[in-house]
Amino acid sequence: MVQLAHVPPRVQALRDLHALLDPIVLAGELHPSLQTDLVGAFEHQGVPYSIPRIVFTGPPAAYDTIRLAIFGGLHGDEPASVLAPLAFLERLASDPARATGYELAVYPLCNPFGYVFDTRHNGADLDLNREFWRGSKQPEIRVLEHELSVNRFHGLITLHADDTAEGIYGYTRGHVLNEALLEPALRSASSILPRDPRSKIDGWLARDAKIEACFEGVLSAPLGQRPRPFDLIFETPALAPIDRQVEAATTALDTILDEYRSFLAYAPNL
Ligand SMILES: [Zn+2]
C-alpha cells in the first residue's frame, strides 16, 4: 500500500490528502489493473508533498495498447479537476471493459501544495500551467516533464475548473484531431452541464465552447515528440455543484476514450 508523505495536522485540517487517495489505493488492492505510485516527492518550507500517479491497464485489444495521460489539480483551487479523474478510475475499476485497449496514467493532483491550501498557484506562488517546457525549476514541473518525456503518451487530457465560466468548454489548440475528440466530449457532457454559450471565454475567441488559441507554457507533450499526441483541455464551470462538474468531466473522459478508439479503427482506411 502506498503511503503518502506525512502531512502535518494543521495542513490536514485544510484538506486531507489521505482521505482523497485512500479509496483508490484500496481499489488497487482489489484490482491489480490499478496501481498507485508517488512519482514526485518534494518539500516546501519543510513540509513534504508528493505527486501521485495511478495507472489503470484495461483489458488488451487486438491492436497495440494506447497510452493516455490524464491530469488534474494543476491549479490547486479547482477540486473538481482532482475528484473527476479519481471518480473516473473508480468507475473503470468496476467496469474495466470501458478501457479496453488502453493504459491510462492518471495524475489527479499535479499541484498538491495548492490543493492543500486551496490556491491556484504552487508554493512558490507560480501558475504551474504557464511553466512547461521553459526550463522551469519548479519541482512539480520537473516531475511532470519527466513523466511526459519518458512515457511519450499517445494522448493528453488535462482537466480544469474555471470560476468565470458559464458552462463546460475546452481548448483544441488548433488541431483537427483535438477538435474531433473535444466536440463529442462536449456533446455528451452537455447532458449534465450546458456548454458555455459565449463567443469570448477566458479572453479567447470561442465557438460552440471550443477555443483554438491557448496560453504559452501550458502542460503539453515534449516539444520534439513526433507524431504529436492529441492534447485536450476540458474545463468545467467551477461555480456549478461539484458533483455535476465531476459527472460532466467523467462523461467527457469516457467519450474521448470511445471516440479515439474508433478514430484509430478507421484511421488505416483513410
Ligand atoms: Zn485551471
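The rules we used
Residues numbered from 1 in each chain as written. Predicted model: local features only at pLDDT ≥ 70, side-chain atom pairs only at ≥ 80, totals over all residues. Helix = DSSP H or I, 4+ residues; strand = E, 2+ residues; numbered from the N terminus. Pairing = 2+ DSSP bridges. Axes fitted to C-alpha atoms, helices over the stretch in contact; angles between N-to-C directions. Parallel < 35°, antiparallel > 145°, perpendicular 65-115°, else oblique. Left-handed = near helix turned anticlockwise from the far one by under 90°. Contact = placed C-beta atoms within 7 Å. Nonpolar A, V, L, I, M, F, W, Y, C, P; charged D, E, K, R; others polar. Core = buried A, V, L, I, M, F, W, Y, C linked by C-beta atoms within 7 Å. Buried ≥ 20, exposed ≤ 12 C-beta atoms within 10 Å, placed from the backbone. Expected span 1.5 Å × (residues − 1).

Draft legend 1. Molecular detail of the environment of R228. Among the structural elements, R228 can be located in the loop between β9 (210-211) and β10 (230-237). Taking C-alpha positions, R228 is 8.5 Å from G155, a pair spaced 73 residues apart along the chain.

Draft legend 2. Focus on the pairing of strand β8 (residues 204-207). Note: strand β7 (residues 200-201) against β8, 2 bridges, orientation antiparallel. The residue bridging K200 from the neighbouring strand is L205, located in β8. As defined by bridge partners, β8 adjoins β9 across 2 bridges and the pair is classed as antiparallel. Looking at β9, one finds that A206 is bridged to I211.

Draft legend 3. Structural view of the packing of helix α2 (residues 17-30) against helix α3 (residues 79-94). Remark: α2 packs on α3, axes separated minimally by 10 Å, with the N-to-C direction vectors making an angle of 20 degrees. Considering their axes alone, α2 and α3 lie roughly parallel with respect to each other. Remark: the crossing between α2 and α3 carries left-handed chirality. In this structure, α2 contributes P23, I24 and A27 to the contact, and α3 contributes L86, L89, E90 and A93.

Draft legend 4. Layout of the packing of helix α6 (residues 176-189) against helix α7 (residues 242-266). One can describe the packing of α6 onto α7 by two numbers: an axis separation of 8 Å at closest approach and a directional angle of 140 degrees. As the angle between them shows, α6 and α7 are arranged oblique. Considering how the two elements wind past one another, α6 and α7 form a crossing that is right-handed. Touching A180, L181, P184, A185, S188 and A189 of α6 are A248, T251, A252, T255, I256, E259, Y260 and F263, all from α7. Grouping the amino acids of the contact of α6 with α7 by side-chain chemistry returns 10 nonpolar, 3 polar and 1 charged.

Draft legend 5. Molecular detail of the nonpolar core. If you look at the biggest cluster of nonpolar residues, it comprises 77 residues, and the most contacted ones within it are L89, I157, A249 and I256. With 9 residues, α3 is the largest single contributor of residues to this core. When residues no more than four places from it in sequence are discounted, the contact partners of I157 are L68, I70, L232, F234, L253 and I256.

Draft legend 6. Focus on α6. Look at α6: 20 Å from first C-alpha to last across 14 residues, which is about the 20 Å you get at 1.5 Å a residue. Where α6 is buried, its residues contact β6 (169-171), β9, β10 and α7.

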